[in-house]
Amino acid sequence: MDRRPLFLGLVFLSLLANAGAVGVSVVPQPLNVVLGKTTLEVSHLFNFTAADSHSNTLKMAFERYLGLIFSHSNSRDPDVQKMLSVMTVTIDSEDESLQLETDESYRLEISAFPPSAHLQGATVYGALRGLETFSQLVTYNFLSGKYQIQNASLSIHDKPRFPHRGLMIDTSRHFEPIMTIRKIIDSMSYAKLNVLHWHVVDSQSFPMQSLSYPKLWNGAYTRQERYTVDDARGIVEYARQRGIRVLAEFDMPGHAASWCVGYPEICPAPDCTQPLNPAANETFNLIEGLLKELSGVFVDDFIHLGGDEVRTSCWNKSHQIQAWLKQHNFTMDDAYMYFVKRAHTIAQGVKKTPVNWEEVSTISPCD
């Protein structure tokens, strides 16, 4: 098939290099491949059929992949009986929840004599990976004007080597329109990546709407460079339909100056805005309200709370924070870990598993 434009060029090229080792151009290299020696022609009337499944996710994927695979006009099928005209798709589990432990394995069997194809996915997301593999196997022969599959009959058994295969985007430092994010998600699905790590906010801007704390997105670059709650919910669903989880990141207590535009009371001082104020209950009330609200939008089990590059010099400039440190006999490291642990407790309270950058495990905030 024609390869769609990919935004993941370096990833694609590195995976393609590995794919060549098994003699089949599939990205990434499948776990197990058995190849034949026949070129199997594929009818332009080809279709997918779902056996014993009523999954809308699967039906939408069929429509997408028919458009991706058969992009050239062709009505020259002299002997349809000798061509592959249908692939039966079955899934073992109808559970469409998508989390870290979701099974993405699949088996793809394509026979040349007689022409037939069967894809079996452990889940609908395993079937999606198999559909992507099938799309890469079908190519268009410009000399004969026909679609074909090389190396039939063939058998592929595949499952991911890593359960987390991610790409991060940062919409705080560089705002991305919704259509661009969708194109990134499409590109990820072509490389079988399965986690969009969405670094939503940072010091530079806070583009995400909060209905509980509506002044937070006062920290956006402009009024046009924002995401509504429904925008975020739509991105999460668009990604899920392609087997991609969205891991949202709200970095704290550092990288949070944009929070102070709307709510300066959670920051150390007007001229020294980060890290967030660990001595103010208002800080943790806001974090709790925000995570509680957005936990229903970002439905993944995990949420990223940053925790990196925390420069604590601003805490020295606040009399309130200094008095609080003295009251609790805290060092700067102690205060940092107090913040991290309290944020973890809040995340766990809304049934999220918190994720942080490595600085949290080394307990070494920057001075």
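Located above this text is the structure these notes cover.
Model, not experiment: these values are computed from the prediction. Each chain carries its own residue numbering, running from 1 in the direction its sequence is written. This being a predicted model, a pLDDT of at least 70 is required before a residue's local features are given, and a value of 80 or more before pairs of side-chain atoms are given or counted; all residues contribute to the totals for chains, interfaces and linings. Side-chain figures throughout are based on the complete set of non-hydrogen atoms in the structure, without hydrogens or water.

Chemist: Before we move on, can you summarise the overall build of the protein chain with the specific residues and values?
Modeler: Segments assigned H or I by DSSP are reported as helices when at least four residues long, segments assigned E as strands when at least two residues long, and all are numbered from the N terminus. Along the protein chain, the regular secondary structure elements total ten helices and 13 strands. C-alpha atoms of the protein chain, sized along the principal axes, occupy 85 × 40 × 35 Å. A buried classification covers 53% of the 367 residues belonging to the protein chain. Contacts are assigned to residue pairs with any non-hydrogen atoms lying within 4.5 Å of each other. Considering only residue pairs separated by 6 or more positions, the protein chain has 75% of its internal contacts joining residues 24 or more positions apart. Only the protein chains shown count as covering a residue, and every accessible area follows the Shrake-Rupley method with a 1.4 Å probe. Accessible surface for the protein chain amounts to roughly 16700 Å². Of this, 52% is attributable to carbon and sulfur atoms. Here the positive residues are Lys and Arg and the negative ones are Asp and Glu; neither His nor the chain ends is included. Here the site of a charge means NZ on Lys, CZ on Arg, CG on Asp, or CD on Glu. The protein chain carries 32 positive and 40 negative side-chain charges, and their two centres are separated by 3 Å. Each residue is placed in one exposure class: buried if its accessible area under a 1.4 Å probe, protein chains only, is under 20% of its type's maximum, exposed if it is over 50%, and partly exposed if it falls in between.

Chemist: I'd like a rundown of the sheet that holds strand 5 (residues 115-121), residues and numbers included.
Modeler: Within a sheet, adjacent strands bond to each other through the backbone by hydrogen bonds, running parallel or antiparallel. One open sheet accounts for eight strands, arranged 1-8-4-5-3-2-7-6; its pairing is mixed. The two strands at the open ends of the sheet, each matched to only one other strand, are strand 1 (32-34) and strand 6 (138-141). Taken pair by pair, the neighbouring strands of this sheet meet at an average axis angle of 30°, ignoring direction. Bridge count for strand 1 against strand 8 (residues 154-158) is three bridges, and the pairing is antiparallel. By the bridge assignment for strand 8, N32 is matched with H157. Sitting on the sheet, helix 2 (residues 56-69) is in contact with strand 2 (38-50), strand 3 (84-91), strand 6 and strand 7 (146-152), with an inclination near 145° to strand 2. A pair of strands is labelled paired if DSSP reports no fewer than 2 bridges between them. Lines fitted to C-alpha atoms define the axes here, with helix axes fitted over just the stretch in contact, and angles between the N-to-C directions of these axes take values from 0 to 180 degrees.

Chemist: I'd like a rundown of the pattern of salt bridges, residues and numbers included.
Modeler: What makes a salt bridge here is a side-chain nitrogen of Lys or Arg within 4 Å of a carboxyl oxygen of Asp or Glu, nothing more. Scanning the model with the defined rule gives ten salt bridges in all. For the salt bridge of K146 with E41, the shortest nitrogen-to-oxygen distance reads 3.5 Å. Within this pair, whereas K146 is found in strand 7, its partner E41 is found in strand 2, the two being separated by 105 residues in sequence. Judged by relative accessible area, K146 falls into the buried class, the value being 17%. Two residues, D170 and R173, come together in a salt bridge whose shortest N-O distance is 2.5 Å.

Chemist: Please provide a residue-by-residue account of the state of the cysteines, values included.
Modeler: Working definition: a disulfide is two cysteine sulfur atoms within 2.5 Å of each other. Throughout the structure, instances matching the rule amount to two disulfides. Across the disulfide from C260 sits C267; the S-S distance is 1.6 Å. Sign of the S-S torsion, about -85° for the bond between C260 and C267, identifies this disulfide as left-handed. When its relative accessible area of 9% is taken as the criterion, C260 is described as buried. The class of C267 is buried, set by a relative accessible area of 6%.

Chemist: Describe the packing of helix 7 (residues 281-294) against helix 9 (residues 332-349), listing the residues and the values that go with them.
Modeler: Packed helix pairs are specified by the crossing angle of their axes together with the interaxial distance, meaning the distance between the axes. Between helix 7 and helix 9, whose axes approach to 9 Å, the crossing angle comes to 35°. Where helix 7 crosses over helix 9, the two elements pack in a sense that is right-handed. The residues of helix 9 that touch helix 7, namely those facing N281, T283, F284, I287, E288 and L291, are Y338, F339, R342, I346 and A347. Residue type decides the class: Asp, Glu, Lys and Arg count as charged, Ala, Val, Leu, Ile, Met, Phe, Trp, Tyr, Cys and Pro as nonpolar, and the leftover types, Gly among them, as polar. Split into classes, the residues belonging to the contact of helix 7 with helix 9 amount to seven nonpolar, two polar and two charged. By the definition used in this description, the sense in which the near helix is turned from the far one sets the handedness, with an anticlockwise turn below a right angle giving left-handed and a clockwise turn giving right-handed.

Chemist: Give a description of the pairing of strand 6 that names residues and reports values.
Modeler: The two faces of strand 6 differ: V138 and Y140 on one face are buried, but T139 and N141 on the other face are not. By the bridge criterion, four bridges tie strand 6 to strand 7 in an arrangement that is antiparallel. Bridge pairing in strand 7 links Y140 to Y147. A loop of four residues connects strand 6 with strand 7, the two strands running antiparallel in sequence, and G145 in this loop sits at a positive phi of about 70°.

Chemist: How would you sum up helix 5 (residues 229-240)? Please name residues and give values.
Modeler: Expected helix span is taken as 1.5 Å per residue step, with the number of steps being one fewer than the number of residues. For helix 5, which comprises twelve residues, the first-to-last C-alpha distance of 17 Å matches the rise-based estimate of 16 Å (1.5 Å per residue) to within 8%. Looking at helix 5, one finds that the buried residues are V229, A232, I235, V236, Y238, A239 and R240. Residues of helix 5 that are buried sit in contact with helix 2, helix 3 (124-137), helix 4 (178-190), strand 10 (195-201), strand 11 (245-250) and helix 7.

Chemist: How would you explain the nonpolar core if you had to name every residue and give the values?
Modeler: The biggest cluster of nonpolar side chains holds 49 residues, and the ones touching the most others in it are W198, M208, F250, M252, W259 and F298. Each residue touching W259, except ones within four places of it in the same chain, is listed here: V201, F206, L216, F250, D251, M252, I266, L276, L286, I287 and L290. For our purposes a nonpolar core is just a set of buried Ala, Val, Leu, Ile, Met, Phe, Trp, Tyr and Cys residues, chained together by side-chain atoms within 4.5 Å. Listed in part, the 39 residues of the second largest apolar core include F62, Y65, I69 and F70.

Chemist: Describe the pairing of strand 7, listing the residues and the values that go with them.
Modeler: On a regular strand, one side chain projects to one face of the sheet and the next to the other, so that they alternate. Buried residues dominate strand 7, accounting for five of its seven residues. The sheet contact formed by strand 2 and strand 7 spans four bridges and is antiparallel. Bridging from a neighbouring strand, V42 pairs with Y147 of strand 7.

Chemist: Break down the packing of aromatic side chains for me, with residues and values.
Modeler: Any pair of Phe, Tyr and Trp rings, taking the six-membered ring for Trp, is counted once the centres come within 6.5 Å. Such a pair is stacked with planes under 30 degrees apart, edge-to-face with planes over 60 apart, and tilted for the rest. Within the structure shown, the criterion is met by 20 aromatic pairs. Relative to F134, the ring of F46 has its centre 5.4 Å away and its plane inclined at 20°; by these criteria the two rings are stacked. Highlighted residues: F46 in strand 2 and F134 in helix 3, separated in sequence by 88 residues. On the accessibility criterion, F134 (0% relative accessible area) is buried. Plain terms: the ring middles of Y213 and Y263 are 5.5 Å apart, the flat faces sit at 80° to each other, and that makes the pair edge-to-face. On the criterion of sequence distance, the pair formed by Y213 in the loop between strand 10 and helix 5 and Y263 in the loop between helix 6 (259-262) and helix 7 is long-range, its members being 50 residues apart. A connected cluster of aromatic rings, assembled from ring pairs, spans F46, F48, F62, F70, F134, Y140, F142 and Y147.

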